[in-house]
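Here are the chains, one letter per residue:
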Amino acid sequence: MISDMRADATSKRTLSSLYDRIGGEGATRALVEAFYDIVETEPRAEILNILHLRGHGVAHSRIEQFRFLSGFLGGPRLYVERYGHSDVRKMHEHVEISPEARDTWLECMNMAIDKVGISSDAKSELMRHFTRVANMLVNHD
């Protein structure tokens, strides 16, 4: 009986995660792909593309952002399993992030969310979380 209660609680928690509400692995992958497609092609995203090219590159970022977002949104903790943490400040400590880069990142993610067709309720929740984290990452004027 206790194991049934635990399974039921786990099931409810899993079903209510943002990861599952947006569509799980497939939707998370689609969101990351749409985001980086925008970063690589939209002229107004050039600041982000340059930041990624100074680092490990966009291809690397597609993989790592998928891993991170999976756990961040309540799904498999792929980034933590691989690196032992999910500290976004630590992940970005080598990157100078200005308010302009933060705003551009949020704009591109907003566009990506619309492109993959995530519901408005989930979009609002995603953007609230993304905005909170993006504000924490600004480390340069």
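As shown above, the structure is provided for reference.
The paragraphs below set out a description of the structure included in this document. (Residues numbered from 1 in each chain as written. Predicted model: local features only at pLDDT ≥ 70, side-chain atom pairs only at ≥ 80, totals over all residues. Heavy atoms only, no water.)

A few words now on the overall build of the chain. Secondary structure assignment for the chain yields nine helices and zero strands. Shown N-terminal to C-terminal, the secondary structure of the chain runs as helices and strands in the order α-α-α-α-α-α-α-α-α. With the model as given, the accessible surface of the chain reaches about 8400 Å², and the carbon-plus-sulfur share is 51%. (Helix = DSSP H or I, 4+ residues; strand = E, 2+ residues; numbered from the N terminus. Areas by Shrake-Rupley, 256 points an atom, 1.4 Å probe, with all protein chains shown as cover.)

To continue, consider the environment of Glu 100. Mapped onto the fold, Glu 100 is located in helix α8 (residues 99-116). On the basis of relative accessible area, Glu 100 is assigned to the exposed category, the value being 52%. With 40 residues separating them along the chain, Glu 100 and His 140 place their C-alpha atoms 9.9 Å apart. (Buried < 20%, exposed > 50% of the residue type's maximum accessible area, 1.4 Å probe, protein only.)

Within the secondary structure, Arg 62 sits in helix α5 (residues 58-72). Given a relative accessible area of 14%, Arg 62 falls into the buried group. Looking at Arg 62, its side chain comes within polar contact range of the side chain of Asp 37, at 2.9 Å. In this structure Arg 62 touches Val 32, Glu 33, Tyr 36, Asp 37 and Glu 40, once residues within four positions along its chain are discounted. (Polar contact = N/O pair within 3.5 Å; in protein donor to acceptor, adjacent residues only side chain to side chain. Contact = heavy atoms within 4.5 Å.)

Another point: the side chain of Thr 28. Within the secondary structure layout, Thr 28 lies in helix α3 (residues 24-41). We classify Thr 28 as buried; its relative accessible area is 0%.

A word on the packing of aromatic side chains. Under the defined criterion, the tally for this structure stands at seven aromatic pairs. Judged by centre distance (5.2 Å) and plane angle (50°), the rings of Phe 35 and Trp 105 are tilted. With a gap of 70 residues between them, Phe 35 in helix α3 and Trp 105 in helix α8 connect regions that are remote in the sequence. Judged by its relative accessible area of 0%, Phe 35 is buried. On the basis of an interplanar angle of 85° and a centroid distance of 6.4 Å, the ring pair of Phe 68 and Tyr 79 is categorised as edge-to-face. Here the residue Phe 68 occupies a position in helix α5, and Tyr 79 occupies one in helix α6 (residues 78-83), the gap between them amounting to eleven residues. Accessibility expressed as a relative area gives 13% for Phe 68, which makes it buried. (Phe/Tyr/Trp six-rings, centres within 6.5 Å; stacked < 30°, edge-to-face > 60°.)

Bringing the environment of Leu 126 into the picture now. Note that Leu 126 resides in helix α9 (residues 120-137). When its relative accessible area of 0% is taken as the criterion, Leu 126 is described as buried. When residues no more than four places from it in sequence are discounted, the contact partners of Leu 126 are Leu 18, Ile 22, Leu 73, Ile 113 and Ile 118.

This part covers the nonpolar core. Formed by 39 residues in total, the largest nonpolar core has its most connected members in Ile 22, Phe 35, Met 109, Ile 113, Leu 126 and Phe 130. With eight residues, α3 is the largest single contributor of residues to this core. Excluding its chain neighbours within four sequence positions, the residues that come into contact with Ile 22 are Ala 27, Thr 28, Leu 73, Ile 118, Ala 122 and Leu 126. (Core = buried A, V, L, I, M, F, W, Y, C linked by side-chain atoms within 4.5 Å.)

This brings us to the pattern of salt bridges. The final tally for this structure, using the stated rule, is ten salt bridges. Here Glu 64 makes a salt bridge to Arg 67, at a shortest N to O gap of 3.0 Å. Of this pair, Glu 64 and Arg 67 both sit in helix α5, three residues apart, roughly one helical turn. Within this structure, Glu 33, Asp 37, Glu 40 and Arg 62 form a network of salt bridges that share partners. (Salt bridge = Lys/Arg side-chain N within 4 Å of Asp/Glu carboxyl O.)

These results come straight from atomic positions and should not be treated as a statement about function.
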